[in-house]
Amino acid sequence: MEFLKSGIKTVLGGTEPGQQPSAAETVEKLVDRVYSSTLLEDRRDACRALKALSRKYRIEVGAQGMPPLVQVLQNDGQDAEIISYALDTLCNVVTSEEFDEEADNPTVSVNVGEQFTEMFIKTPEHVTLVMGYLDEYDFRVRRAAIQLITSLISNKTRELQDLVLVSPMGVSKLMDLLTDSREVIRNDVLLLLIELTKGNSNIQKIVAFENAFDRLFEIVREEGCSDGGIVVEDCLILLLNLLKNNSSNQQFFKEGSYIQRLAPMFELSQDSEEIGWSPQKVSNFHCLLQVVRALVTPSNQQQVVAACQRVMQKSRLLHALCEILMSSGVPADILTETINAVAEVVRGDRDNQDELGRVMAPSSPPRPAIVVLLMSMINEKQLLALRCAVLYCFECFLYRNADGQRAVVQTLLPSSASDVSALSTGQLLCTGLFSTDALANWFSAVALMHSLVENVALKEELLRVLLATPGGQRPITLLEQCTNLMQQERYRLQSKVGLLMLLSLWLAHCPGAVKALLETQGTMAYLTAQLCSNEHDEREFLVQGMCAFLMGLCIQFNDNSLPGQKREDISQLIIKRIGQESFCSKLAEVSRHEAYSRACKQAQIRAKSAGELLLDYEYCKLYKGLEALIAKLVSGFDVDGIELTELTLSSEASALVSQYKGIIRGMDAQIQALQQSSKELEQENAELKEKLGEEQSLRAQLSDQNTLLKAQLGASAGQVQPAQGTEATPANEDELNAARYQANMYFAENIRLTKELETLRQQFTAEKQRADAAQESLAATQKDQEDLLELLADQEAKLTRYEKADTANSLQSPSQAPSAASPPDEESPIPSGTASR
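Residues numbered from 1 in each chain as written. Predicted model: local features only at pLDDT ≥ 70, side-chain atom pairs only at ≥ 80, totals over all residues. Heavy atoms only, no water.

**Q** Can you lay out the side chain of Ser226 for me, pointing to particular residues and giving the numbers?
**A** Within the secondary structure layout, Ser226 lies in the loop between helix H12 (201-222) and helix H13 (230-243). The class for Ser226 is buried, based on a relative accessible area of 8%. Beyond its immediate sequence surroundings of up to four residues, Ser226 is in contact with Met265, Lys281, Asn284, Phe285 and Leu288. (Helix = DSSP H or I, 4+ residues; strand = E, 2+ residues; numbered from the N terminus. Buried < 20%, exposed > 50% of the residue type's maximum accessible area, 1.4 Å probe, protein only. Contact = heavy atoms within 4.5 Å.)

**Q** Mind laying out the packing of aromatic side chains, listing which residues take part and the relevant values?
**A** Scanning all chains against the criterion turns up 14 aromatic pairs. The interplanar angle of 75 degrees and the centroid separation of 5.1 Å between the aromatic rings of Trp277 and Phe285 together place this pair among those described as edge-to-face. Neither Trp277 nor Phe285 differs from the other in exposure class; each is buried. A cation sits over an aromatic face here: Arg182 above Tyr137, 4.0 Å from the ring centre. (Phe/Tyr/Trp six-rings, centres within 6.5 Å; stacked < 30°, edge-to-face > 60°. Lys NZ or Arg CZ within 6 Å of the ring centre and 35° of its normal.)

**Q** So what's going on with the side chain of Asp437? Residues and values would help.
**A** Its place among the elements puts Asp437 in the loop between helix H25 (425-433) and helix H26 (438-450). A polar side-chain atom of Asp437 sits 3.1 Å from a polar atom in the side chain of Arg387. Among residues more than four places away in sequence, those in contact with Asp437 are Glu380 and Arg387. (Polar contact = N/O pair within 3.5 Å; in protein donor to acceptor, adjacent residues only side chain to side chain.)

**Q** Break down unusual backbone geometry for me, with residues and values.
**A** Cis peptide bonds are those with omega within 30 degrees of zero, and the linkage from Ser364 to Pro365 qualifies with 0 degrees. For Pro365, the position within the fold is in the loop between strand E1 (360-361) and strand E2 (367-368). Located in the positive-phi region is Cys225, a residue other than glycine, with phi close to 55 degrees. Phi is positive for Glu454, close to 55 degrees, though the residue is something other than glycine. Position of Glu454 relative to the elements: it lies in the loop between H26 and helix H27 (456-462).

**Q** Let's hear about the pattern of salt bridges: which residues, and what values?
**A** A complete count under the given rule lists 28 salt bridges for this structure. Note that Arg142 and Asp180 form a salt bridge whose closest N and O atoms lie 2.6 Å from each other. Of this pair, Arg142 sits in helix H8 (residues 139-155) while Asp180 is found in the loop between helix H10 (170-176) and helix H11 (183-196), placing the two residues 38 residues apart along the sequence. Of the two residues, Arg142 and Asp180, neither departs from the other in class, the shared state being buried. Among the salt bridges present, the one from Glu222 reaches Arg186, with a minimum N-O distance of 3.9 Å. Separated by 36 residues along the polypeptide, Glu222 in helix H12 and Arg186 in helix H11 bring together distant segments of the chain. (Salt bridge = Lys/Arg side-chain N within 4 Å of Asp/Glu carboxyl O.)

**Q** Provide a residue-level description of the nonpolar core, including the pertinent values.
**A** Counting 223 residues, the largest nonpolar core has Phe253, Phe266, Trp506, Phe583 and Leu615 as the members making the most contacts within it. For this core, the leading source of residues is helix H23 (residues 384-398), giving 12 residues. If we skip the residues at most four places from it in the chain, Leu615 touches Trp442, Val497, Met501, Leu542, Met546, Val590, Ala595, Tyr596, Ala599 and Cys620. Counting six residues, the second-largest nonpolar core is a separate cluster that includes Met667, Leu788, Leu791 and Leu792. (Core = buried A, V, L, I, M, F, W, Y, C linked by side-chain atoms within 4.5 Å.)

Here it is as structure tokens:
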């Protein structure tokens, strides 16, 4: 430090005794020295002093020293030492990290580096100037330029990305530095590219097509693959930036056979369990799994995902991931991320799903990997993230996998051939469903729900599942047991939410399940009591909304086969006990809950705590598709449970509706007649085209024959001419006459066919005009019908207002009740123009 002070004193000169210059005065003198000195050595010493002061007096150096430092970069490029000092000083000024020397300086704010970055890039030429020094081979200059650009990008990412894009060969210069033999330079460039490629697809594409994948895999191989150090992690982070949400790079990665180069990195050595997992290896492996998931995440384009899934299966990458699942000694967070990766690799791909179903765990006795994973899911001692990952993997295993869904349901059905002692998926799910652990109840209900998604036949099959009861009583169905558990007070709210989701998806599009639910004792009474209660807890509101949705499904998919439980009966119960408005309001509570917005975003389950696990993605999708339909259906019944139709309107309204319906029916008949006529004309048009083609073909044949006959006739005439004054014989004259007669016949036939062809063309033109006229008439009629429908809707709205006004008037006292007035003439239901039309 004393040496540094003496150096500054040498540059600035001595001061008077007792006077210590302030930091601002010192910086001002140094800046003046950089500006005014003619000797390079003096400017170099001043830049060295500014670099020394920039760590402690960043604000003073940045405010006064930035313009002279830029001037040095512009004018003194031939001297590597002064350029390195200038770049290092600028890097200290704009960096976002806090130096130890300025820790006790209250004037330094948190974002001071960002403010100086904004000042520096206000002139875009400054960035281009710094980019130019990347070509310098001198270690000090090149590394300082890389670090300065990295700091600038960290502070102002979007602005620097735009400036680098317009810089001549900017990205190419950075990619060339990856081949620098000096590892420090290469590693700093990796950090720079990580910052540069964040969220910019254009730069990501340029970097990828600059042969980045090959260079990154080469560096990873040199550094020891997953067993390497921090450099491997940096390479994988950059690889992840290039692939995430970039379909072009994902396609390029697949077509370049880079997935095959990923697969060997997942192979664990035989002694990995004994050696253990170092923290750096855990980080590297986590990044590798993130790269795999970036290629097959459900948010990518479906074609890219399917292609990558096939390649991962053929390159045995999926096999390597399954081996990690069944290995011992794997850290919990790596195991969790591996389960998520396997889930997305098999999602929607039957071959990959079948391969996962064939994986056996190395246990005694051997069990399928799916069974072992489900055992972890219902075990309350396991980590929450691991249990969520297992559920996500099971959902992906069943996604668009009818055979897998059927296999799960079959394990629940009674079968004498099955091994009772062997654990099955169905038994595990039932164990978790009836467990005392609320989280196990929720996981099992959601897993069982996914075995029924888009499979009505399995919903009917699941109704046959019988459960044994204690005491030798008659067995009860699974549906009945679920409803009994839902009605128990000791059953926790999270467990009830899981059961309500299972029952809702079970009942949707399955009248048999609706009938079975309505036959269970006390279910409708419980749902009604839930909707009538006035709970003020947010979670209770969610349960009420789910109960309303379940009751709405009982109306929507009711086949009216149960007396007393028909659609009208349930609607009357809602209207008289709950109220239509109250029912619709509580039905909408589901979509207003924050758990709904979380679950709708993605299929993967993410939760920081167990309390956040409430709604599932498939349930939200079902609710979103049927909520409006159920609300409209319930609102369409009156207080007597009768569905509101035109029969329930007043006589005037019914007459008006009937009149409009008659007009619409007449227009429908006209439209159908015009459509039929149009079809006939099109068919006739096609026949005429075919006939015209045949006639043209025949005419061409006759023309060819005519030409041939003319040639033959000319040849015959030449032969029968008298040679040297002799006359033709009678036989030759007969042949000549016959040929002439045949030619005349062909000429006549040709003329007839030509006339017939012209007639057909005229008919074709006329029919085409008729077809066009019919199409125009059809379009006009459809427009008139649309106008009438709009008018009908307007009149129905007016009738509704009149009925409300009449109802309000009837509630008043007889002395105050106004006399009924007919609507004014200007608001006549049917305008004269429309009636005449």
